[in-house]
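# Survey of secondary and tertiary structure
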Amino acid sequence: MDLSFSRFEHDASVAILPPDLAVMMVGIAARQAASPTALFHSRLPATTVAAANLFAPLHGAFNAAMAAALVRWREI
């Protein structure tokens, strides 16, 4: 498994990861995907994700007064 790229350097050496590392990474990803936590989260309804927007401010800015001041400053 080769995860390197040359970054446009033609004389750069290529680093190749050992195959055992690639197999280990695939095994870890498979175990994480089959974990009870991942299975529980995959069964959650999509509406719980949309509920996170309830905490967003209505005006869309973290600090409404500062956002208004920046808009006024840009108009000057």
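Every chain is numbered on its own, with residues counted from 1 as its sequence reads. For a predicted model such as this one, the threshold for reporting local features is a pLDDT of at least 70, and the threshold for listing and counting side-chain atom pairs is 80 or more; totals across whole chains, interfaces and linings nevertheless cover every residue. By convention in this description, side-chain values take in all heavy atoms of the structure and omit both hydrogens and water.

## Thoughts on the overall build of the protein chain
When helices and strands are counted, the protein chain shows four helices and zero strands. The linear arrangement of helices and strands in the protein chain, starting from the amino end, is α-α-α-α. As presented, the protein chain carries roughly 7200 Å² of accessible surface, and 68% of it is formed by carbon and sulfur atoms. Every helix listed is a DSSP run of H or I at least four residues long, and every strand listed is a run of E at least two residues long, numbered separately from the N terminus. All accessible areas in this document rest on Shrake-Rupley with a 1.4 Å probe, and a residue is counted as covered only by the protein chains that are shown.

## Here's the deal with a nonpolar patch on the surface
On the surface, M66, L70 and W73 cluster together into a nonpolar patch covering about 380 Å² of accessible area. For M66, the location among the structural elements is in helix α4 (residues 64–75). Only residues whose relative accessible area exceeds 30% and that form no salt bridge are eligible for patches; like-charged ones are grouped when within 9 Å, while nonpolar side chains (Val, Leu, Ile, Met, Phe, Trp, Tyr) are grouped when within 5 Å. When a carboxyl oxygen of Asp or Glu is within 4 Å of a side-chain nitrogen of Lys or Arg, the pair counts as a salt bridge.

## Observations concerning the confidence of the model for the protein chain
In predicted models, pLDDT denotes the confidence assigned by the predictor to each residue on a 0 to 100 scale. Summary statistics for the protein chain give a mean pLDDT of 77 and a share of 68% for residues scoring 70 or more. The lowest-confidence element of the protein chain is helix α3 (residues 47–50), averaging 58 in pLDDT; the highest-confidence one is helix α1 (residues 19–33), averaging 90.

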